[in-house]
Amino acid sequence: MDKITLVFVMAGLLLLFIALVSIYVWSARKKAAPINSEAVMTFETMCEVINKNSSSNAQINHAVDAIIERYSHIDDFRVYGALLEMLCTHPQTDSKVILRFQKALITANQDFKDQIEKRLKLGLAGRK
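Residues numbered from 1 in each chain as written. Predicted model: local features only at pLDDT ≥ 70, side-chain atom pairs only at ≥ 80, totals over all residues. Heavy atoms only, no water.

1. What to know about the overall build of the chain
And step 1. Looking only at helices and strands, the chain features six helices and zero strands.
And step 2. Reading the helices (α) and strands (β) of the chain from amino to carboxyl end gives α-α-α-α-α-α.
And step 3. Here the chain has a C-alpha radius of gyration of 25 Å; the compact-globule value for 128 residues is 14 Å, and the former is much larger.
And step 4. In terms of its C-alpha atoms, the chain occupies a principal-axis envelope of roughly 85 × 30 × 20 Å.
And step 5. Within the chain, counting contacts between residues at least 6 apart in sequence, those at least 24 apart form 70% of the total.
And step 6. When the accessible surface of the chain is summed, it comes to about 9100 Å², and 62% of that surface belongs to carbon and sulfur atoms. (Helix = DSSP H or I, 4+ residues; strand = E, 2+ residues; numbered from the N terminus. Rg over C-alpha atoms; globule rule 2.2 N^0.38 Å. Contact = heavy atoms within 4.5 Å. Areas by Shrake-Rupley, 256 points an atom, 1.4 Å probe, with all protein chains shown as cover.)

Structure representation (structure tokens):
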């Protein structure tokens, strides 16, 4: 093997190594960001997402899913009732999210079924 071919092979291996390290670092940064945002999701922050008019439909769906998953048992109905009404009147929400939230609350809290349905009717009446 002559010296020129050896230099080209070494340069090619160096470029390949740099590319692989760059891809590894880039993928590690991309995966680390969602883990941190998931860790700070509390009931209060999810309620703020629903109460904020600038929240997107995807953010509302994520907040509702998290509330259903973690906090579906009602301790204080005033909070959940207001949340259900706000969800109904939010400009970015859709009927699927509202019904999924209502059904999950009724399934987990049979004692509050009448109150949940009453608040749902009030919220839907206030919808534009």
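2. Remarks on helix 6 (residues 113–125)
Owing to its 3.6 residues per turn, the α-helix aligns residues three or four sequence positions apart on the same side.
And step 1. With 13 residues, helix 6 extends 18 Å between its outermost C-alpha atoms, agreeing within 8% with the 18 Å of an ideal straight helix rising 1.5 Å per residue.
And step 2. Of the surrounding secondary structure, the elements contacted by the buried residues of helix 6 are helix 4 (77–89) and helix 5 (95–108). (Expected span 1.5 Å × (residues − 1).)

3. Side note on the packing of helix 4 against helix 5
And step 1. Two elements in contact, helix 4 and helix 5, have axes whose closest approach is 10 Å; the angle formed by their N-to-C orientations is 160°. Between helix 4 and helix 5, the crossing angle belongs to the class labelled roughly antiparallel. In this structure, helix 4 crosses over helix 5, and the sense of that crossing is left-handed. Packed against helix 4, whose contacting residues are Y80, L83, L84, L87 and C88, the element helix 5 presents V97, I98, F101 and L105 at the interface.
And step 2. Tallied by class, the residues present in the contact of helix 4 with helix 5 amount to nine nonpolar, no polar and no charged. (Axes fitted to C-alpha atoms, helices over the stretch in contact; angles between N-to-C directions. Parallel < 35°, antiparallel > 145°, perpendicular 65-115°, else oblique. Left-handed = near helix turned anticlockwise from the far one by under 90°. Nonpolar A, V, L, I, M, F, W, Y, C, P; charged D, E, K, R; others polar.)

4. So, the environment of A66
And step 1. If you trace the backbone, A66 turns up in helix 3 (residues 57–70).
And step 2. When its relative accessible area of 7% is taken as the criterion, A66 is described as buried.
And step 3. Note: C-alpha distance between A66 and A108 (42 residues apart in sequence) is 14 Å. (Buried < 20%, exposed > 50% of the residue type's maximum accessible area, 1.4 Å probe, protein only.)

5. Side note on the environment of Q115
And step 1. Note on placement: Q115 falls in helix 6.
And step 2. Sequence separation of Q115 and R78 is 37 residues, and the distance between their C-alpha atoms is 10.0 Å.

6. Some words on the pattern of salt bridges
And step 1. In this structure the tally under the stated criterion is three salt bridges.
And step 2. Note that R100 is salt-bridged to D65, the shortest N-O span being 2.9 Å. Of this pair, R100 sits in helix 5 while D65 sits in helix 3, placing them 35 residues apart in sequence.
And step 3. Taking the relative accessible area as the measure of exposure, D65 reaches 35% and is therefore partly exposed. (Salt bridge = Lys/Arg side-chain N within 4 Å of Asp/Glu carboxyl O.)

7. Overview of helix 5
And step 1. For helix 5, with 14 residues, the first-to-last C-alpha span of 20 Å sits near the 20 Å given by 1.5 Å per residue.
And step 2. Among the residues making up helix 5, those that are buried are V97, I98, F101, Q102, A104, L105 and I106.

8. Describing the side chain of H90
And step 1. Secondary-structure assignment places H90 in the loop between helix 4 and helix 5.
And step 2. On the accessibility criterion, H90 (2% relative accessible area) is buried.
And step 3. Separated by 2.7 Å, the side chain of H90 and the backbone oxygen of K52 make a polar contact.
And step 4. Aside from chain neighbours lying at most four places away, what touches H90 is V49, I50, K52, N53, S55 and I60. (Polar contact = N/O pair within 3.5 Å; in protein donor to acceptor, adjacent residues only side chain to side chain.)

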